[in-house]
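# Architecture and fold: a report
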Number of protein chains: 2
Amino acid sequence: MVPTKVKNADTSVTIEVDGKPVGKASAKARPLTRIQREKQNVILEAALDVFAVHGFRGSTIDQIADVAGMSKPNLLYYFPRKEEIHRRLISELLVTWLAPLREMDADGDPFPEIRSYIRRKLEMARDYPRESRLFANEMLQGAPHIIEMIEIDLKNLVDEKAGVLLGWMDEGKLARADPYHLIFSIWATTQHYADFDVQVRAVLGPSRGGEGRFEDAARYLEQLFLYGLTPRAKV
Amino acid sequence: MVPTKVKNADTSVTIEVDGKPVGKASAKARPLTRIQREKQNVILEAALDVFAVHGFRGSTIDQIADVAGMSKPNLLYYFPRKEEIHRRLISELLVTWLAPLREMDADGDPFPEIRSYIRRKLEMARDYPRESRLFANEMLQGAPHIIEMIEIDLKNLVDEKAGVLLGWMDEGKLARADPYHLIFSIWATTQHYADFDVQVRAVLGPSRGGEGRFEDAARYLEQLFLYGLTPRAKV
DNA sequence: CTAACATTTTTCCAACTGGTCAAAATTCTT
DNA sequence: AAGAATTTTGACCAGTTGGAAAAATGTTAG
């Protein structure tokens, strides 16, 4: 009874015995060829385009293959199922997505730290809007594919950073406020510029809806998080 | 050549002449029967459930019919096409959605006004999360069905309210800040609790993720918008 | 150059999709 | 209670969808 290699192109090589899959065989997995690496990236790029707009169910393999410039069966040669593509995108995403928060440094001072956290998130909204929308789509659906990661990895990270924020508050360097909702409000206000981009642009109009809107947003948010909207004596 | 009534069940009765639709005939439209009103509502409810999670393309008539507890052809008797259902939901939505902002009163004082605007939006996130998600889904897709309404009605309303905010700033009752981004930040922070509900709950954990989260959010946001995060001497 | 492997294309399929239609069942009106 | 109108159902259809299989074509290490 000799195991049979069924496919190589996919990252996760499937091994069968008597026609039944017996799990990944990392030992047997060959290194990806040049073409495999390139094509997988092309596909993931295309899939990001499509999934970000239509969500998982609303996207079709045909659509993705079309954007990727290849035939559907050819695409399926690299990712044997639609879910596989989505899984890859989503899991890569979470790492990238949490990076800015990870960088928030307990040894720094709260305002520079929060300020640059907001900046980084805003830059991500500007430079990676598709990723933001992919994430938003997943959330809207109840995060079916990443709920455990959210409940464990994300929660742990946020718990830790909430602790950092509380520390700063104890030192009197930061106003006392719910650290969790503080983090939520940073997420919300920054990702809004990616997820609701159409609305933002439509409301700002042609004159103010250009690239400058991110600078305006950064300035405004900085003020909001620093001082709120209470008028101050003199600036 | 006598016009023929083709359907009555739909709100928009179609009249045909020689088999070609010649537009709505509000004159001929009979009042909806009891069953029609009831069933249409059942369908719209079900569709809201489904569309809010899966978006337009990702939702199927079968799914909606299933949730509505009727057969697909029966559902199609009331709404002859999928788009019709979606259109109805979306257009009803926009009216409801803008109501809280409309209520912001130029003659009031800025802080009570902004404060209750935030409360109202937060209540909507709590009580109408499906509507919020339907809206978010539409935005993520680039608002294909409501772009003109966004560009005209919404923009006009926001322009007007931005004027109100600027007025308050001129009077020195409100810190000078970009009024458009101010409004965006209220939208973002409040709708976040509907659209990213899973995440919020997962991060807060069972202890703090209960219904109380909306009260916590309200308290936090109030502080944020009022004073920001700069520590104040004494509360 | 060629055998072994990787890639691509062609063809196909079963399940699902949005939607039609006529007949049957129900409800309403008189 | 009967006839008319409305509502519901079941059978059906053409197009789309995710995916399988195999043949055809490319690529590359020896």
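Relevant structure appears above.
Overview of the structure. Only a predicted model underlies this, so the values are computations on that prediction, with no experimental measurement involved.

Inspection of the region around DNA strand D gives 22 residues, with Lys72(A), Thr33(B), Gln36(B), Lys39(B) and Tyr78(B) positioned closest. Measuring from a base nitrogen of DNA strand D, one finds a side-chain N or O atom of Lys72(A) at 2.7 Å. Between DNA strand D and the protein, one listed contact pairs a phosphate oxygen with a side-chain N or O atom of Arg57(B) at 3.4 Å. Listing elements by their share of the surface near DNA strand D, those giving two or more residues are α2 (61-68) and α3 (72-78) of chain A together with α1 (34-58) and α3 (72-78) of chain B. For the surface near DNA strand D, a count of residues per class yields 7 nonpolar, 7 polar and 8 charged.

Residue and element names in this part refer to chain B. For the structure on display, the rule yields 41 salt bridges over all chains. Between Arg130 and Glu45 there is a salt bridge, with its nearest N and O atoms 3.1 Å apart. Taken as a pair, Arg130 in helix α6 (residues 129-140) and Glu45 in helix α1 lie far apart in primary sequence, 85 residues in all. Given a relative accessible area of 22%, Arg130 falls into the partly exposed group.

The next thing to look at is the protein's contact with DNA strand C. The immediate surroundings of DNA strand C are formed by 21 residues, with Thr33(A), Gln36(A), Lys39(A), Tyr78(A) and Lys72(B) found nearest. Per the 4 Å cut-off to the protein, sugar and phosphate atoms form 66% of the nearby atoms of DNA strand C. Contact between DNA strand C and Gln36(A): a phosphate oxygen at 2.5 Å from a side-chain N or O atom of the residue. Between Tyr77(A) and DNA strand C, the recorded distance is 3.0 Å, taken from a side-chain N or O atom to a phosphate oxygen. Elements with a contribution of two residues or more to the surface near DNA strand C: α1 (34-58) and α3 of chain A together with α3 of chain B. Taken together, the residues that form the surface near DNA strand C break down as 7 nonpolar, 7 polar and 7 charged.

Turning our attention to the packing of aromatic side chains. Taken as a whole and judged by the stated rule, the model has 14 aromatic pairs over all chains. Between Phe135(A) and Phe196(B) the ring centres are 6.3 Å apart and the planes differ by 35°, which places this aromatic pair in the tilted class. Here Phe196(B) lies in the loop between α8 (179-195) and α9 (197-208) and Phe135(A) lies in helix α6 (residues 129-140), a pairing that spans two chains. Take Phe135(A) and Phe196(B): they sit in the same class, and that class is buried. Seen from their ring centres, Trp97(B) and Phe135(B) are 6.2 Å apart, and the 35° between their planes marks the pair as tilted.

Here the two chain copies are tied together by a rotation about an axis and a shift along that axis. Superposing chain B onto chain A takes a rotation of 180° plus a shift of 0.0 Å along the axis, which leaves an RMSD of 0.1 Å. Taken together, the rotation angle and the small translation identify this as a two-fold axis. The residues that chain B uses at the interface reappear at the interface of chain A in 99% of cases, marking a shared surface.

To continue, consider α6(B). Relative to the 16 Å expected for 12 residues at 1.5 Å per residue, α6(B) spans 16 Å between its end C-alpha atoms, a close match to the ideal helical length. Every buried residue of α6(B) is listed here: Glu131(B), Ser132(B), Arg133(B), Leu134(B), Phe135(B), Ala136(B), Asn137(B), Glu138(B), Met139(B) and Leu140(B).

Reading guide: rules and limits
Residues numbered from 1 in each chain as written. Chains lettered and ligands numbered in written order. Predicted model: local features only at pLDDT ≥ 70, side-chain atom pairs only at ≥ 80, totals over all residues. Heavy atoms only, no water. Near = heavy atom within 4 Å. Polar contact = N/O pair within 3.5 Å; in protein donor to acceptor, adjacent residues only side chain to side chain. Helix = DSSP H or I, 4+ residues; strand = E, 2+ residues; numbered from the N terminus. Nonpolar A, V, L, I, M, F, W, Y, C, P; charged D, E, K, R; others polar. Salt bridge = Lys/Arg side-chain N within 4 Å of Asp/Glu carboxyl O. Buried < 20%, exposed > 50% of the residue type's maximum accessible area, 1.4 Å probe, protein only. Phe/Tyr/Trp six-rings, centres within 6.5 Å; stacked < 30°, edge-to-face > 60°. Least-squares fit on C-alpha atoms with pLDDT ≥ 70 in both. Contact = heavy atoms within 4.5 Å. Expected span 1.5 Å × (residues − 1).

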